[in-house]
Structure formats: structure tokens, C-alpha cells
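Residue-level structural notes
The residues making up each chain are set out below.
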Amino acid sequence: MRKDGRRCHFVKLNSSRCSVWEASVQVLLSIHPEHADKILSGEKRFEFRKSIFKNPAVTRVLIYATMPVGKVIGDFEIGGVIDGRPTKVWESTKAHAGISREFFRSYFNGRERAVAIEVRNPRRFESPRGLDEVERGMVAPQSFRYVDPLVSANWQAICGGNNLLE
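Just so we're clear, the structure is a prediction, and the values are computed from it rather than from any experiment.

To continue, consider the pattern of salt bridges. This structure, assessed with the given rule, holds 10 salt bridges. With a shortest N-O distance of 2.9 Å, aspartate 75 and arginine 60 are connected by a salt bridge. Taken together, the positions of aspartate 75 in strand S6 (residues 71-84) and arginine 60 in strand S5 (residues 58-65) put the pair 15 residues apart, joining distant regions of the chain. The two residues aspartate 75 and arginine 60 agree in class, both being buried. In this structure, aspartate 75 and arginine 123 form a salt bridge, with 2.4 Å as the shortest nitrogen-oxygen distance. Placement of aspartate 75 in strand S6 and of arginine 123 in strand S7 (residues 114-129) is noted, with a sequence separation of 48 residues between them. The exposure class assigned to aspartate 75 is buried, which follows from its relative accessible area of 0%. The class of arginine 123 is buried, set by a relative accessible area of 15%.

Here we come to the sheet that holds strand S4 (residues 46-49). With respect to topology, 6 strands assemble into an open sheet ordered S4-S7-S6-S5-S3-S8, the strand pairing being mixed. In this open sheet, the two edge strands, each paired with only one partner strand, are S4 and strand S8 (144-147). Within this sheet the neighbouring strands show an average axis-to-axis angle of 35°, counted without direction. Both S5 and S6 contribute to a ladder of 6 bridges, which runs antiparallel. The residue of S6 that forms the bridge with arginine 60 is glutamate 77. Sitting on the sheet, helix H2 (residues 86-93) touches S4, S6 and S7, and the angle it makes with S6 is about 115°.

Further remarks concern the nonpolar core. Burial of nonpolar side chains together is a common tendency in soluble globular proteins. In this structure, Phe53, Ile63, Phe76, Ile78 and Ile117 are the most contacted members of the largest nonpolar core, which totals 18 residues. Counting residues per element, the ones that place at least two in this core are strand S3 (25-31), helix H1 (33-41), S5, S6 and S7. Setting aside chain neighbours within four positions, we find isoleucine 63 in contact with Leu29, Ile31, Ala36, Ile39, Leu40, Lys71, Val72, Ile73, Gly74, Asp75 and Phe76. With 10 residues, the next largest nonpolar core counts Phe46, Phe48, Ile99 and Phe108 among its residues.

We now examine the pairing of S3. For S3, a buried count of 6 out of 7 residues is recorded, marking the element as mostly surrounded by other parts of the structure. Alignment of S3 against S5, held across 7 bridges, turns out to be parallel. The residue of S5 that forms the bridge with serine 30 is tyrosine 64. In terms of strand pairing, S3 meets S8 through 4 bridges, oriented antiparallel. When the sheet's bridge partners are listed, valine 27 is paired in S8 with tyrosine 146.

Once that is clear, we can look at the environment of glutamate 112. Tracing the chain through its elements places glutamate 112 in the loop between helix H3 (101-107) and S7. What makes glutamate 112 exposed here is its relative accessible area of 62%. Residues glutamate 112 and threonine 87, 25 residues apart in the sequence, show an inter-C-alpha distance of 9.3 Å. Those residues in contact with glutamate 112, other than ones at most four positions away along the chain, are Gly84, Arg85 and Pro86.

Here we take up the packing of aromatic side chains. Between two aromatic rings, the relevant description is the distance of the centres plus the angle of the planes. For the structure shown, the criterion picks out 6 aromatic pairs. Residues phenylalanine 104 and phenylalanine 108 carry aromatic rings whose centres are separated by 4.8 Å and whose planes lie at 50° to one another, so their mutual orientation is tilted. Like phenylalanine 104, the residue phenylalanine 108 is buried in the burial classification. Residues tyrosine 107 and phenylalanine 108 carry aromatic rings whose centres are separated by 4.8 Å and whose planes lie at 85° to one another, so their mutual orientation is edge-to-face. Its relative accessible area of 30% is what places tyrosine 107 among the partly exposed residues. Members of the aromatic cluster, connected to one another through ring pairs, are Phe48, Trp90, Phe104, Tyr107 and Phe108. One Lys or Arg, lysine 50, reaches over the ring of tyrosine 107 and ends 4.4 Å from the middle of that ring.

What counts and how
Residues numbered from 1 in each chain as written. Predicted model: local features only at pLDDT ≥ 70, side-chain atom pairs only at ≥ 80, totals over all residues. Heavy atoms only, no water. Salt bridge = Lys/Arg side-chain N within 4 Å of Asp/Glu carboxyl O. Helix = DSSP H or I, 4+ residues; strand = E, 2+ residues; numbered from the N terminus. Buried < 20%, exposed > 50% of the residue type's maximum accessible area, 1.4 Å probe, protein only. Pairing = 2+ DSSP bridges. Axes fitted to C-alpha atoms, helices over the stretch in contact; angles between N-to-C directions. Contact = heavy atoms within 4.5 Å. Core = buried A, V, L, I, M, F, W, Y, C linked by side-chain atoms within 4.5 Å. Phe/Tyr/Trp six-rings, centres within 6.5 Å; stacked < 30°, edge-to-face > 60°. Lys NZ or Arg CZ within 6 Å of the ring centre and 35° of its normal.

Following this line, the structure appears as C-alpha cells:
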């Protein structure tokens with residue numbers, strides 16, 4: 001525990017230093033490259049999903065850009081989640097959706113529920129990596145997967161994220 005009461009993990013990066021990484025529940029989301037780029041540029045401030053992870057403690061998303069990129073390219077903090085009928089979700093997010101109304105309608109066609117994950121503080125990793133480079137045998141999730149905090153810290157250390165504190 002840190003002095004401020006928050007939990008932390010100690011991650012050995014090499015034999016001469018050890019860093020503290022703030023623990024949080026994270027997910028790896030598979031996102032099409034064009035949407036991932038818009039998220040990381042700040043143009044797209046919501047990631048839309050047909051369903052959402054059940055763990056309310058998820059605070060951060062690692063972005064896996066699907067093929068042809070096929071790499072973990074960045075991350076973002078979750079600012080909030082809007083969950084409701086597609087028309088209501090669109091009205092709440094359209095100004096910063098990063099997609100057209102037609103695309104939104106097509107994606108949620110026939111659905112009674114839409115979910116928008118608010119993107120905060122997106123970061124592009126300096127050195128994107130393939131899934132297998134960080135955790136042997138990991139494959140891209142169809143939608144999302146929970147990420148072990150130690151694996152996540154390793155990802156960010158390898159890829160150039162700055163979640164590691166000296």
C-alpha cells in the first residue's frame with residue numbers, strides 16, 4: 001500500500017531498478033486500426049460496444065489494433081460508460097463519436113442496447129508490440145479480455161507507456 005492508501009505492485013524491470021506501477025483492472029480491446037488511430041489522435045472520444053465488461057473496477061483500456069496492424073499500439077483511461085438505447089447513446093456522444101451516424105446505425109442495427117466508453121488521456125506507445133511479444137501464446141480477443149496487472153505493466157514498460165513511476 002502507498003501512503004495515500006492506493007494499492008500498488010512492484011515490477012522488477014532489470015537488476016538495477018524497480019518501479020512502482022499503480023494497479024488497476026485493465027482490459028485489452030480489439031479495435032479496427034482506423035478507429036484506434038482516431039482515438040489516439042483525440043478525434044474519437046467514445047469507443048462503441050454492443051456489450052461491456054462486467055467488472056466495474058476496469059479503469060484503463062489497452063488498444064489492440066486489429067489486422068493488418070496486429071499490435072498493441074496505445075491505451076486510454078475510461079472516463080465513464082454510457083449504456084442505453086442506441087438513439088439516446090448517439091444523442092449523448094455524436095459530437096465526439098468519431099464515426100458517422102450511418103455507421104453507428106449500421107453497427108447497432110436491431111439492437112436495443114448500445115454502450116459508449118468515454119476515452120480520456122489516450123497515449124500512443126512509442127514501440128507497439130505484437131501480443132505474443134509480451135505474453136507468450138496470447139491471441140487477439142474477439143471483443144475484449146481482462147489483462148493481468150503485471151502483464152499490463154510489462155506491456156507499458158516495453159512499449160514506451162509512462163505508467164511506470166520512478
